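Here is how the chains run, residue by residue.
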Amino acid sequence: MESEPKDLIVLGAIKSGAKTFDKIRKVAKIDPEELNNILEKLEKRGLISVAEKKGWLGKKIEISTTDKGN
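Notes on the structure in this doc start here. (Residues numbered from 1 in each chain as written. Predicted model: local features only at pLDDT ≥ 70, side-chain atom pairs only at ≥ 80, totals over all residues. Heavy atoms only, no water.)

**Considering helix H3 (residues 32-44)**
No. 1: Over its 13 residues, H3 runs 18 Å from end to end, which matches the ideal 18 Å to within 8%, given 1.5 Å per residue.
No. 2: Of all the positions in H3, only Leu35, Ile38, Leu39 and Leu42 are classed as buried. What you see down the axis of H3 is that its buried residues fit within an arc of 100°, all on one side. Summarising the geometry of H3, the exposed residues directed more than 90 degrees from the buried face are Glu33, Lys41 and Lys44.
No. 3: Where H3 is buried, its residues touch helix H1 (6-15), helix H2 (21-28), strand E1 (48-55) and strand E2 (58-65). (Helix = DSSP H or I, 4+ residues; strand = E, 2+ residues; numbered from the N terminus. Expected span 1.5 Å × (residues − 1). Buried < 20%, exposed > 50% of the residue type's maximum accessible area, 1.4 Å probe, protein only. Arc of directions from axis to C-beta. Contact = heavy atoms within 4.5 Å.)

**Description of the environment of Asn36**
No. 1: Residue position: Asn36 is located in helix H3.
No. 2: Along the primary structure Asn36 and Trp56 are separated by 20 residues, whereas in three dimensions their C-alpha atoms are 25 Å apart.

**Digging into the nonpolar core**
Note on soluble globular proteins: their nonpolar side chains tend to be buried together.
No. 1: Of all hydrophobic cores here, the largest spans 14 residues; its most connected members are Val10, Ile14, Ile24, Leu39, Leu42 and Ile48.
No. 2: At the level of elements, H1, H2 and H3 are the ones that each hand at least two residues to this core.
No. 3: Considering each element in turn, this core owes the most residues, four residues, to H3.
No. 4: When sequence neighbours within four positions are dropped, the list of residues in contact with Ile14 reads Ile24, Leu39, Ile48, Ile63, Ser64 and Thr65. (Core = buried A, V, L, I, M, F, W, Y, C linked by side-chain atoms within 4.5 Å.)

**Focus on the side chain of Glu62**
No. 1: Along the chain, Glu62 turns up in strand E2.
No. 2: Within the local environment of Glu62, its side chain forms a polar contact with the side chain of Lys53, the two groups lying 3.2 Å apart.
No. 3: When residues no more than four places from it in sequence are discounted, the contact partners of Glu62 are Lys19, Ser49, Val50, Ala51 and Lys53. (Polar contact = N/O pair within 3.5 Å; in protein donor to acceptor, adjacent residues only side chain to side chain.)

**Looking at H1**
No. 1: What H1 keeps buried is the set Val10, Leu11, Ala13 and Ile14. The buried residues of H1 occupy an angular sector of 160° when the element is viewed end-on, so they sit on one face.
No. 2: A positive backbone phi angle near 120° is found at Gly17, which sits one or two residues after H1.

**A few points about the packing of H1 against H3**
No. 1: Look at H1 against H3: their axes get within 10 Å of each other, and the N-to-C directions meet at 80°. Here H1 is positioned roughly perpendicular relative to H3, judged by the angle of their axes. Mapping the contact onto sequence places Lys6, Asp7, Val10, Leu11 and Ile14 in H1 and Glu34, Leu35, Ile38, Leu39 and Leu42 in H3.
No. 2: A class-by-class count of the residues in the contact of H1 with H3 yields seven nonpolar, no polar and three charged. (Axes fitted to C-alpha atoms, helices over the stretch in contact; angles between N-to-C directions. Parallel < 35°, antiparallel > 145°, perpendicular 65-115°, else oblique. Nonpolar A, V, L, I, M, F, W, Y, C, P; charged D, E, K, R; others polar.)

Shown next, in the form of structure tokens:
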């Protein structure tokens with residue numbers, strides 16, 4: 001039933017505004033372990049960037065697409 005590879009689905013979710021792991025997981029409907037592997041692959045290929053930011057409740061990881069990923 002899937003017409004797109006999961007890495008493209010994840011990349012599309014990030015591009016459409018899902019910047020945190022939980023939001024990407026909900027939009028892409030992928031289990032956490034598999035999503036983590038996909039995000040690592042995308043980062044190694046230079047398609048996404050991962051930034052660690054400090055928020056009110058501690059550290060916050062924000063994921064965004066790079067120029068190459070767009």
